[in-house]
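# Close look at the chain arrangement
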Amino acid sequence: RTDDTTEMLLRQAAYLEYAGKLDQAADLQRKVWKVSGDPQAANNLAYLTLTMHPSDKGKIAEAEDLIKKAIEARPGDPSFLDTLGWIYYLQGKYEPACAELRKAIKGQVASAEAHYHLGMAEAACMRTELARWHLQAAVSISKALQERKAEITPQMKQTFVLAQKALGLLGPEK
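Here is a short report on the structure shown in this document. (Residues numbered from 1 in each chain as written. Predicted model: local features only at pLDDT ≥ 70, side-chain atom pairs only at ≥ 80, totals over all residues. Heavy atoms only, no water.)

### Examining the environment of Gln-155
What counts, and what does not: Only DSSP runs of H or I covering at least 4 residues are called helices, and only runs of E covering at least 2 are called strands; the numbering of each starts at the N terminus. Working rule for contacts: check all heavy atoms of both residues, and any pair within 4.5 Å makes them a contact. Within 3.5 Å is the distance limit for a polar contact, defined as a pair of N or O atoms, with the added protein rule that one can donate a hydrogen and the other accept it, and that residues adjacent in sequence qualify only through two side-chain atoms.
The residue Gln-155 is located in helix 9 (residues 154-170) in this model. Separated by 42 residues in the primary sequence, Gln-155 and Glu-113 have C-alpha atoms spaced 8.6 Å apart. Leaving out residues up to four positions away in the same chain, Gln-155 has contacts with Tyr-47, Thr-51 and Glu-113. Polar contacts involving the side chain of Gln-155 include one to the side chain of Glu-113, which spans 3.2 Å.

Dropping the structure here:
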């Protein structure tokens, strides 16, 4: 259970992230993790690390350590499994990425990011039709959010653009 102060700090970090202040958001998540040991802070910090340093092997390894601790504390959390799957994808471990991301998507069927991640992993495993399906789901979810004028974070906007680009690279359906 998260106490009120931890919850407030996690929200503050989320607002910083939405404002595009990723370094500040990561610093706050790191502080929350060190002080409270809250697994959500570990997941958030791991994911922010991946967002800021997607090709830095050392940072990705740090993110992997963090997410494994978070999963140990809260096994089966879909957002944690999504982060672990994305780490595996960035490390080039595509089959393990698909395995984790498939588990994650079951609890995040309405997440454009989760569909984007799984689509990219499936594409890397040469499962083009599955990749196309998940990437199209990411685009459709993003469009529906825009049409409803829902709050859309910079990360969500980027996911929409990346999913559309990835779909284009897959070529036409067969």
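### Things to note about helix 8 (residues 128-147)
What counts here: Expected helix span is given by 1.5 Å per residue-to-residue step, counting one fewer step than there are residues. Throughout, exposure labels follow a simple rule: accessible area from a 1.4 Å probe, protein chains only, divided by the maximum for the residue type, with under 20% read as buried, over 50% as exposed, and the rest as partly exposed.
Taking 1.5 Å of rise per residue, 20 residues should cover 28 Å, and helix 8 covers 28 Å from first to last C-alpha, within 8% of that figure. Residues of helix 8 that are buried: Ala-131, Arg-132, His-134, Leu-135, Ala-137, Ala-138, Val-139, Ile-141, Ser-142 and Leu-145. For helix 8, the secondary structure elements touched by its buried residues are helix 7 (112-124) and helix 9. Directly beyond the C-terminal end of helix 8, a positive phi value near 60 degrees is found at Lys-149.

### Structural notes on the layout of surface pockets
The cut-off we apply is this: Space inside and on the surface of the protein is sampled on a 1 Å grid over the protein atoms alone, with a cavity defined as a set of points where a 1.4 Å probe fits but cannot get out and a pocket as an open set with protein on both sides within 12 Å along at least 5 of 7 lines; lining residues have an atom within 4 Å of a point. Grid points are joined across faces, edges and corners, and a volume is the space filled by probe spheres set on the points. Classes in brief: Ala, Val, Leu, Ile, Met, Phe, Trp, Tyr, Cys and Pro nonpolar; Asp, Glu, Lys and Arg charged; the others, Gly included, polar.
When its volume is computed, the largest pocket comes out at roughly 560 Å³. Forming the boundary of the largest pocket are 23 residues, of which Glu-17, Asn-43, Asn-44, Tyr-47 and Glu-113 lie nearest the centre. Among the secondary structure elements, those contributing two or more residues to the lining of the largest pocket are helix 1 (4-18), helix 3 (39-52), helix 5 (78-90), helix 7, helix 8 and helix 9. It is helix 3 that provides the largest number of residues to the lining of the largest pocket, a total of four residues. Residues that form the lining of the largest pocket fall into these classes: nine nonpolar, eleven polar and three charged. The computed volume of the second largest pocket comes to approximately 250 Å³. Lining the second largest pocket are 14 residues, and of these Trp-86, Tyr-116, Gln-155, Gln-158 and Leu-162 lie nearest its centre. Per-class residue counts for the lining of the second largest pocket are nine nonpolar, five polar and no charged.

### A closer look at the pattern of salt bridges
The following threshold applies: Salt bridges are identified by distance alone: a Lys or Arg side-chain nitrogen within 4 Å of an Asp or Glu carboxyl oxygen.
Summed over the entire model, instances satisfying the criterion amount to nine salt bridges. With a closest N to O distance of 3.2 Å, Glu-95 and Arg-127 form a salt bridge. Of this pair, Glu-95 sits in helix 6 (residues 94-106) while Arg-127 sits in the loop between helix 7 and helix 8, and the two are 32 residues apart along the sequence. Accessibility expressed as a relative area gives 24% for Arg-127, which makes it partly exposed.

### Overview of unusual backbone geometry
Non-glycine residue Met-126 carries a positive phi angle of around 65 degrees. Secondary-structure assignment places Met-126 in the loop between helix 7 and helix 8. With a relative accessible area of 67%, Met-126 lands in the exposed category. Backbone geometry at Lys-149 places phi at a positive 60 degrees, although glycine is not the residue there.

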